Protein chains: 2
Amino acid sequence: MDNSRKITLSESEIPTHWYNIVHDMPNKPLPPLNPGTGEPIGPEALMPLFPMELIKQEVSQEKYIEIPDQVRDVYSMWRPTPMFRARNLEKMLDTPAKIYYKFEGVSPSGSHKPNTAVPQAYYNAQEGVKRITTETGAGQWGSALSFACQMFGIECDVHMVRISFDQKPYRKMMMQTWGANVYPSPSERTEAGRQVLAKDPDTPGSLGIAISEAVEGAAMSETTKYSLGSVLNHVLMHQTVIGLESIKQLEKAGADLPDYVFAPFGGGSNFAGISFPFVHLNLTEGKNIQCIASEPTSAPKLTRGVFRYDFGDTVGMTPLIPMYTLGHDFVPAKIHAGGLRYHGAGAIVSQLLADGLIGAEAIDQIESFEAGVMFARAEGIVPAPEANHAIASVIRAANAAKEAGESKTILFNMCGHGNFDMLAYQDYFAGNLEKHEMTQEEVDAAVAKIESPTIDSVKEMLANMG
Amino acid sequence: MDNSRKITLSESEIPTHWYNIVHDMPNKPLPPLNPGTGEPIGPEALMPLFPMELIKQEVSQEKYIEIPDQVRDVYSMWRPTPMFRARNLEKMLDTPAKIYYKFEGVSPSGSHKPNTAVPQAYYNAQEGVKRITTETGAGQWGSALSFACQMFGIECDVHMVRISFDQKPYRKMMMQTWGANVYPSPSERTEAGRQVLAKDPDTPGSLGIAISEAVEGAAMSETTKYSLGSVLNHVLMHQTVIGLESIKQLEKAGADLPDYVFAPFGGGSNFAGISFPFVHLNLTEGKNIQCIASEPTSAPKLTRGVFRYDFGDTVGMTPLIPMYTLGHDFVPAKIHAGGLRYHGAGAIVSQLLADGLIGAEAIDQIESFEAGVMFARAEGIVPAPEANHAIASVIRAANAAKEAGESKTILFNMCGHGNFDMLAYQDYFAGNLEKHEMTQEEVDAAVAKIESPTIDSVKEMLANMG
């Protein structure tokens with residue numbers, strides 16, 4: 001048993017392969033559907049948007065996919081990330097539980113997002129793409145992609161929701177420092193943007209509009225593609241470097257396998273990144289590691305949403321995806337954890353949840369910040385508001401272990417630092433935060449609006465298609 | 001030769017002792033003087049402000065001072081810090097030079113400052129102190145001390161210059177997250193503050209006023225002390241963990257000892273931290289490592305100031321200290337590298353410079369940001385504006401090596417990240433930065449105002465005193 005706080009790995013221990021959980025899933029995720037015809041769409045439908053290699057990964061059932069050397073080389077700028085034993089937090093909680101966290105905040109942009117931004121930029125560069133477009137809300141994803149594009153000499157156009165562009169200039173500046181072009185969305189650059197501005201010149205914008213602009217921007221030229229930071233299968237797979245390193249680190253520390261693995265849940269890549277390699281141990285080695293997604297009570301798609309087909313975006317431009325959802329036009333409360341406000345969950349995570357292979361719990365905003373402040377005072381690092389949800393789950397589990405007098409091993413994904421989120425802490429200390437727990441009536445009303453096919457009806461159609 | 005980007009050490013390799021360069025200095029620093037009597041002051045004069053152990057360290061000539069286990073334990077939350085080989089920057093510069101940087105931005109508050117904040121809080125706690133007061137400008141030092149006080153259960157009162165308190169809320173929030181009490185300065189809490197406010201209720205404040213308030217706050221109670229983040233001997237010594245780790249890391253990487261060691265220069269602790277262990281090798285092993293301080297052209301005390309006695313603070317409350325100075329009431333241009341705007345240099349660094357044992361060069365603000373943006377695009381990390389000065393020096397040296405066709409080894413202190421300084425980058429990209437190079441007339445006018453004793457007159461007095 002190593003008594004260090006930090007469990008580190010050498011660069012030679014950066015994983016050589018990503019883990020593709022689809023290979024081991026007892027029920028594979030159902031296919032995306034063409035919203036027009038209601039029929040499954042093939043990978044060719046994605047070709048205008050993504051490079052071939054990423055499309056292949058999106059539909060791959062290979063268990064492991066090799067990480068290119070050039071990607072591992074850029075990963076080595078911050079990976080392997082450290083794992084910490086949270087000794088101070090354990091002491092503060094007076095718990096018999098052993099708490100470990102994997103700290104992804106050491107990346108250049110301060111979160112786990114570059115784990116997928118870097119390979120996405122790499123494959124695009126390999127296939128001759130000169131420019132990548134994307135959307136961003138507060139800027140977490142946009143900054144990761146800006147950094148990644150800079151590493152491979154690709155132009156990066158980020159459509160940033162106008163209200164964030166105006167109110168949160170720090171991330172915008174970071175993107176520009178890495179050479180990206182950042183446009184407030186809606187903009188005059190796209191037809192979608194011009195239409196919105198014609199109707200409402202003072203609109204604050206939305207992620208839905210920003211997606212439309214980014215997709216339209218990608219269609220403008222053959223050497224321009226589009227990039228997404230969560231939800232999709234290949235994105236989740238790229239993030240598995242987190243969990244793969246974690247397993248090595250727990251081993252190196254002489255620690256038990258965790259009883260619980262927690263991660264914040266937005267679209268799924270944060271959670272998938274740390275948990276899938278542990279779900280793998282459950283599926284293939286009969287382990288019983290509880291992998292639990294921490295979502296906000298204001299956007300509780302996993303704990304209170306329905307599992308059916310829905311659009312990935314607000315305006316309904318994407319294929320229909322099998323997901324736990326609150327409805328694609330669901331507008332969650334404006335919590336500070338912007339990355340967790342997404343209406344649905346990626347197809348893989350949704351199937352795993354439906355099959356009882358992962359769990360979920362909902363945390364309200366105030367409990368999340370109470371947890372985050374406790375963590376900062378114990379462990380020093382001020383967490384991102386998204387991370388605070390997982391920390392709240394950890395504290396619940398550590399307190400339960402204390403009450404039961406059981407020693408448990410807990411691991412969580414400390415997905416990013418809160419340096420750009422200090423105004424959220426200000427609101428917390430000023431007593432300006434609301435819990436934002438949805439009422440049953442609100443949940444019912446949201447899901448009642450979903451009109452797209454049910455899972456059962458699609459299964460039946462697929463069975464009939466043979 | 002290790003081909004990793006990062007050279008890491010295990011927690012057991014955190015230094016066990018700080019290095020006290022006074023032991024090896026051919027000419028010891030001259031004593032501080034009582035400004036009233038003009039006579040040397042003894043350590044007892046510091047007792048109202050500092051705990052005994054820090055006063056002992058301030059005047060110690062022991063070569064090594066042991067780092068307490070509890071301090072090393074807190075250090076282990078982020079130390080040893082990684083050293084990076086800046087391969088991407090080398091490539092971008094097309095230089096034969098090998099460039100290494102020690103990255104102190106991984107600390108909880110994002111800079112090297114906790115290296116001294118932690119032992120200062122520890123020794124205060126050991127001696128029964130319940131509250132520490134300090135001043136801060138933009139908040140770099142205040143946040144380091146807030147974190148450190150939280151670790152040892154001490155209250156922390158930070159007097160933050162009002163204009164920063166109002167305009168830079170992020171660092172203030174960070175301090176409050178760690179449990180500190182942050183007051184805009186001037187405040188109604190102190191006599192000094194009330195006097196200033198009575199005359200000018202809308203004053204933006206200044207570091208000089210904030211120091212007065214913090215010192216007054218410390219005098220209010222026997223269990224309250226004061227803390228300073230640079231300049232003093234013990235503060236510089238605490239920072240030597242940076243250079244001590246660096247030597248081990250270069251060895252581990254199979255690298256040569258550096259030809260050049262660069263660091264930003266404000267009051268001296270940043271520069272001392274990385275360079276003193278290398279100056280030690282020059283003094284005791286006949287090495288020839290050039291240790292060069294990078295100061296701003298807007299506050300060029302080392303390259304254009306005079307070496308004589310001066311006050312440590314603006315208003316003239318401290319003892320007189322032998323320093324390279326531009327005059328204690330010198331008001332530098334408002335460059336973004338707030339940490340480098342200090343008028344003088346600590347006594348040890350000043351003596352070393354007078355003896356030709358270290359060097360200095362001045363960098364203008366625009367060159368510093370050009371260097372910082374290049375670094376961010378090469379190495380990913382967005383640097384603090386202070387760090388950009390050292391990076392500019394590194395780029396000069398790497399370009400010189402290229403021109404001369406010589407392979408040189410360069411090390412610099414990448415003292416902190418720029419996450420809280422993005423508005424400075426915004427100004428740079430918008431073309432709103434000025435060079436701020438002092439004219440000879442301005443330098444002459446500044447130093448002509450210094451009235452305190454010359455070094456020679458004090459040496460003569462000391463000789464007469466026997």
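Computed from a predicted model, the values in this text were never measured in an experiment.

Draft legend 1. Expanded view of the overall build of chain A. Scanning chain A from N- to C-terminus turns up 19 helices and 15 strands. Taken over C-alpha atoms, the radius of gyration comes to 21 Å for chain A, in line with the 23 Å a tight globule of 466 residues would show. Expressed as lengths along the three principal axes of its C-alpha atoms, the size of chain A is roughly 60 × 55 × 50 Å. Counting over 466 residues, chain A shows a buried share of 62%.

Draft legend 2. The arrangement of the relation of the copies chain A and chain B in detail. The transformation that overlays chain A on chain B combines an axial shift of 0.0 Å with a rotation of 180°, and the residual RMSD is 0.0 Å. Such a combination of rotation and displacement between the chain copies is what one expects of a two-fold axis. If distances are taken from each C-alpha of chain A to the rotation axis, the shortest is found for A:N419, at 3.3 Å. When the interface residues of chain A are mapped onto chain B, 98% of them again fall at the interface, so both copies present the same face.

Draft legend 3. Just the sheet that holds strand β15 (residues 409–414) of chain A, in detail. Residues and elements named next belong to chain A. The sheet built from seven strands is open, its strands ordered β1-β4-β5-β15-β10-β11-β14 with mixed pairing. At either margin of the open sheet sits one strand with a lone partner, and together these are β1 (6–7) and β14 (359–363). The sheet contacts of helix α12 (residues 269–285) involve β5 (98–103), β10 (260–264), β11 (290–296) and β15, and relative to β10 the element is tilted by about 160°.

Draft legend 4. Structural view of the nonpolar core. The biggest cluster of nonpolar side chains holds 84 residues, and the ones touching the most others in it are B:W18, B:Y75, B:V118, B:F276 and B:F278. Sequence-distant contacts of B:Y75, defined by excluding residues within four places in its chain, comprise B:I14, B:W18, B:I67, B:P114, B:N115, B:V118, B:P119, B:H238 and B:V241. Judged by nonpolar contacts, the second largest core, of 47 residues, contains A:I67, A:V118, A:F165 and B:A424.

Draft legend 5. Representation of unusual backbone geometry. For the bond from B:R79 to B:P80, the omega torsion is -10°, close enough to zero to count as cis. Along the chain, B:P80 turns up in the loop between α2 (69–75) and β4 (83–85). Cis geometry marks the peptide bond from B:S185 to B:P186; its omega dihedral reads 5°. In this model, A:V231 sits at a positive phi of 70°, which is unusual for a non-glycine residue. Along the chain, A:V231 falls in the loop between β9 (224–226) and α10 (233–238). With phi around 60°, B:H436 is a residue other than glycine that occupies positive phi space. Looking at where B:H436 falls in the secondary structure, it is placed in the loop between α17 (422–429) and α18 (440–448). Overall, B:H436 belongs to the partly exposed group, its relative accessible area being 24%.

Draft legend 6. Summary view of the pattern of salt bridges. Within the structure shown, the criterion is met by 34 salt bridges over all chains. For B:K449, the salt bridge identified is with B:D329, shortest N-O distance 3.6 Å. Here B:K449, found in the loop between α18 and α19 (455–465), pairs with B:D329, found in the loop between β13 (320–325) and α14 (347–354); they are 120 residues apart in sequence, far enough to count as distant. Assessed through its relative accessible area of 34%, B:D329 is described here as partly exposed. Each of A:R79, A:K102, A:E104 and A:E245 takes part in salt bridges that share partners, so that together they form one network.

Draft legend 7. A look at the domain arrangement of chain A. All names here are of chain A. As far as domains go, chain A holds domain 1 (6–15 + 65–108 + 234–460) and domain 2 (111–232). Using C-alpha coordinates to define each centre, domain 1 is positioned 24 Å away from domain 2. Counting residues at the interface gives 34 residues for domain 1, matched by 27 residues for domain 2. Both faces combined, the contact of domain 1 with domain 2 buries some 2,700 Å², and carbon together with sulfur accounts for 65% of it.

Draft legend 8. Broad picture of the interface of chain A and chain B. Listed as interface residues are 43 residues of chain A and, on the opposing side, 42 residues of chain B. The junction of chain A with chain B conceals about 3,700 Å² of combined surface from both sides, 57% of it contributed by carbon and sulfur atoms. Linking chain A with chain B are four salt bridges. A:K6 is paired through a salt bridge with B:E11; the nearest N and O atoms lie 3.2 Å apart.

Draft legend 9. Main features of the side chain of B:Q365. Residues and elements named next belong to chain B. Looking at the element boundaries, Q365 is found in helix α15 (residues 365–379). Of note is the side chain of Q365, whose polar atom sits 2.8 Å from the backbone nitrogen of H336. One polar contact links the side chain of Q365 to the main-chain carbonyl oxygen of E434, over a distance of 3.1 Å. Once residues within four sequence positions are removed from consideration, Q365 is found in contact with I335, H336, L433, E434, K435 and H436.

Draft legend 10. Quick peek at the packing of helix α15 (residues 365–379) of chain A against helix α16 (residues 385–404) of chain A. Residue and element names in this part refer to chain A. Remark: α15 packs on α16, axes separated minimally by 7 Å, with the N-to-C direction vectors making an angle of 85°. In this view, α15 runs roughly perpendicular relative to α16, as classed from their interaxial angle. Across from E367, S368, F369, A371, G372, M374 and F375 in α15, the residues of α16 making contact are P385, N388, H389, I391, A392, I395 and R396. The residue inventory of the contact of α15 with α16, partitioned by class, reads eight nonpolar, four polar and two charged.

Draft legend 11. Representation of the side chain of A:N419. Mapped onto the elements of the fold, A:N419 is located in the loop between β15 and α17 (422–429). Under the relative-accessibility criterion, A:N419 is labelled buried at 5%. Side chain to side chain, A:N419 and B:H417 meet in a polar contact 3.3 Å long. Filtering out sequence-adjacent residues up to four positions away, A:N419 remains in contact with B:Y170, B:M174, B:H417, B:N419 and B:F420.

Draft legend 12. Expanded view of empty space enclosed by the protein. Residues and elements named next belong to chain A. Tallying each qualifying case throughout the model produces one cavity of 30 Å³ or more. Roughly 30 Å³ of volume is contained in the largest cavity. Forming the walls of the largest cavity are Y19, N20, I21, N233, L236, M237, F276 and I348. Per-element accounting of the lining of the largest cavity gives the leading share, three residues, to α10. Residue composition of the lining of the largest cavity, grouped by class: six nonpolar, two polar and no charged.

Draft legend 13. Region of the structure containing the packing of aromatic side chains. The tally for this structure, following the rule as stated, stands at 37 aromatic pairs over all chains. A ring pair is formed by B:F84 and B:F103, whose centres lie 6.4 Å apart and whose planes are at 75°; its orientation type is edge-to-face. Here B:F103 lies in strand β5 (residues 98–103) and B:F84 lies in strand β4, a separation of 19 residues in the sequence. Here B:F103 falls in the buried class, since its relative accessible area comes to 9%. Plain terms: the ring middles of B:Y122 and B:Y123 are 5.3 Å apart, the flat faces sit at 65° to each other, and that makes the pair edge-to-face. Judged by its relative accessible area of 8%, B:Y122 falls in the buried class. B:Y123 sits in the buried class, given a relative accessible area of 6%. Every member of this aromatic cluster is reached through a ring pair, and the members are A:F84, A:Y101, A:F103, A:F375 and A:F412. For A:K172, the ring lying beneath its charged end belongs to A:F165, and the centroid distance is 4.1 Å. Of note, A:R189 hangs over the ring of A:Y183, and the distance from its end group to the ring centre comes to 3.9 Å.

The rules behind the values
Every residue gets a number counted from 1 within its own chain, in the order that chain's sequence is written. Labels follow written order: the first chain is A, the first ligand is 1, and so on. pLDDT decides what is reported in this predicted model: residues at 70 or higher carry local features, side-chain atom pairs at 80 or more are listed and counted, and totals for whole chains, interfaces and linings draw on all residues regardless. Side-chain metrics rest on all non-hydrogen atoms present in the structure, leaving aside hydrogens and water. Only runs of H or I of at least four residues qualify as helices and only runs of E of at least two qualify as strands under DSSP, and these elements are numbered from the N terminus. Only C-alpha atoms enter the radius of gyration; for comparison, a globular chain is expected to reach 2.2 Å times N to the power 0.38, where N is the number of residues. When accessible area is computed with a 1.4 Å probe and restricted to protein chains, residues below 20% of their type maximum are described as buried, those above 50% as exposed, and intermediate ones as partly exposed. Copy-to-copy alignment: least squares on C-alpha atoms, limited to residues at pLDDT 70 or above in both. The contact definition used throughout considers only heavy atoms, calling two residues in contact when any of these lie within 4.5 Å. Two strands make a pair as long as DSSP finds a minimum of two bridges between them. Angles shown run from 0 to 180 degrees and are taken between the N-to-C directions of axes, each axis being a line fitted to C-alpha atoms and, for helices, limited to the stretch in contact. The term nonpolar core refers to a set of buried residues drawn from Ala, Val, Leu, Ile, Met, Phe, Trp, Tyr and Cys, joined through side-chain atoms within 4.5 Å. Definition used for salt bridges: Asp or Glu carboxyl oxygen within 4 Å of a side-chain nitrogen of Lys or Arg. For every domain, the bounds stem from an assignment made automatically or drawn from a database. Put simply, buried area is how much 1.4 Å-probe accessible surface two parts lose in total, over both of them, once they are put together. Residues adjacent in sequence count toward polar contacts only when both atoms are side-chain atoms; beyond that, a polar contact is any pair of N or O atoms within 3.5 Å, and within protein one must be able to donate a hydrogen and the other to accept it. Working rule for angles: under 35 degrees goes down as roughly parallel, over 145 as roughly antiparallel, 65 to 115 as roughly perpendicular, anything else as oblique. Residue polarity follows a fixed list, in which Ala, Val, Leu, Ile, Met, Phe, Trp, Tyr, Cys and Pro are nonpolar, Asp, Glu, Lys and Arg are charged, and the others, Gly among them, are polar. A cavity here means a set of 1 Å grid points, computed over protein atoms only, where a 1.4 Å probe fits but cannot escape. A pocket is an open set with protein on both sides within 12 Å along at least 5 of 7 lines, and lining residues have an atom within 4 Å of a point. Grid points are joined across faces, edges and corners, and a volume is the space filled by probe spheres set on the points. Aromatic rings from Phe, Tyr and Trp, with only the six-membered ring used for Trp, were paired whenever their centres fell within 6.5 Å, and each pair was classed as stacked if the ring planes differed by under 30 degrees, edge-to-face if by over 60, and tilted otherwise. Sitting over a ring, as applied to charges here, requires NZ of Lys or CZ of Arg to be within 6 Å of the ring centre and within 35 degrees of the ring normal.

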